[in-house]
Amino acid sequence: INLVTKKPLGAPRREAELRIGSEGERYAALDLTGPIDGQGRFLYRLNIAGENSDSFRNQYFQKGWLVAPSFTWIAGLD
């Protein structure tokens, strides 16, 4: 269980990660965050990741996807 949360930020930010390794390891991740509206009342964050890897061991491999959206509404801003 992963309890680390990534909360939406008020300033736009884009981050990408790509990893290619030995034994067929391939990993890609994207982290996007920022305001949805012009006043900064609604914020979003979207984390997307995918992994596909083999191993030197027979019948051992990993494949997986992650999509984790989060939204924040800041009430009381005019």
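None of these values were measured; they are calculated from a predicted model. (Residues numbered from 1 in each chain as written. Predicted model: local features only at pLDDT ≥ 70, side-chain atom pairs only at ≥ 80, totals over all residues. Heavy atoms only, no water.)

### Comments concerning the pattern of salt bridges
Right, on to step 1. By the definition in use, this model includes six salt bridges.
Right, on to step 2. The salt bridge partner of D31 is K6, with a shortest N-O separation of 3.6 Å. Residue D31 is found in strand β2 (residues 26–35), and its partner K6 is found in the segment before β1 (13–20); the two are separated by 25 residues along the sequence.
Right, on to step 3. In this structure K6 comes out as partly exposed when scored by relative accessible area, which is 44%.
Right, on to step 4. Of the charged contacts, one joins D31 and R45 as a salt bridge, the two residues approaching to 2.7 Å between their closest N and O atoms. (Salt bridge = Lys/Arg side-chain N within 4 Å of Asp/Glu carboxyl O. Helix = DSSP H or I, 4+ residues; strand = E, 2+ residues; numbered from the N terminus. Buried < 20%, exposed > 50% of the residue type's maximum accessible area, 1.4 Å probe, protein only.)

### Some points on the packing of aromatic side chains
Right, on to step 1. Overall, the coordinates contain zero aromatic pairs when judged by the stated rule.
Right, on to step 2. One cation-aromatic arrangement involves R19 over Y27; the distance from NZ or CZ to the ring centre is 4.4 Å. (Phe/Tyr/Trp six-rings, centres within 6.5 Å; stacked < 30°, edge-to-face > 60°. Lys NZ or Arg CZ within 6 Å of the ring centre and 35° of its normal.)

### Considerations on the sheet that holds strand β3 (residues 42–53)
Right, on to step 1. Taken in spatial order, the four strands of this open sheet run β1-β2-β3-β4, and their pairing is antiparallel. Looking at strand neighbours, the two that pair on one side only are β1 and β4 (62–73), the edges of this open sheet. Here the average twist between neighbouring strands, direction ignored, is 5°.
Right, on to step 2. Relative to β3, β2 runs antiparallel, the two sharing ten bridges. Across the sheet, the residue bridging to L30 is I48, located in β3. (Pairing = 2+ DSSP bridges. Axes fitted to C-alpha atoms, helices over the stretch in contact; angles between N-to-C directions.)

### Quick look at the side chain of D31
Right, on to step 1. Owing to a relative accessible area of 5%, D31 belongs among the buried residues under this scheme.
Right, on to step 2. At a separation of 3.5 Å, a polar atom in the side chain of D31 contacts the side chain of R13.
Right, on to step 3. A distance of 2.7 Å separates polar atoms of two side chains, one belonging to D31 and the other to R45. (Polar contact = N/O pair within 3.5 Å; in protein donor to acceptor, adjacent residues only side chain to side chain.)

Any functional reading would require information that these geometric values do not contain.
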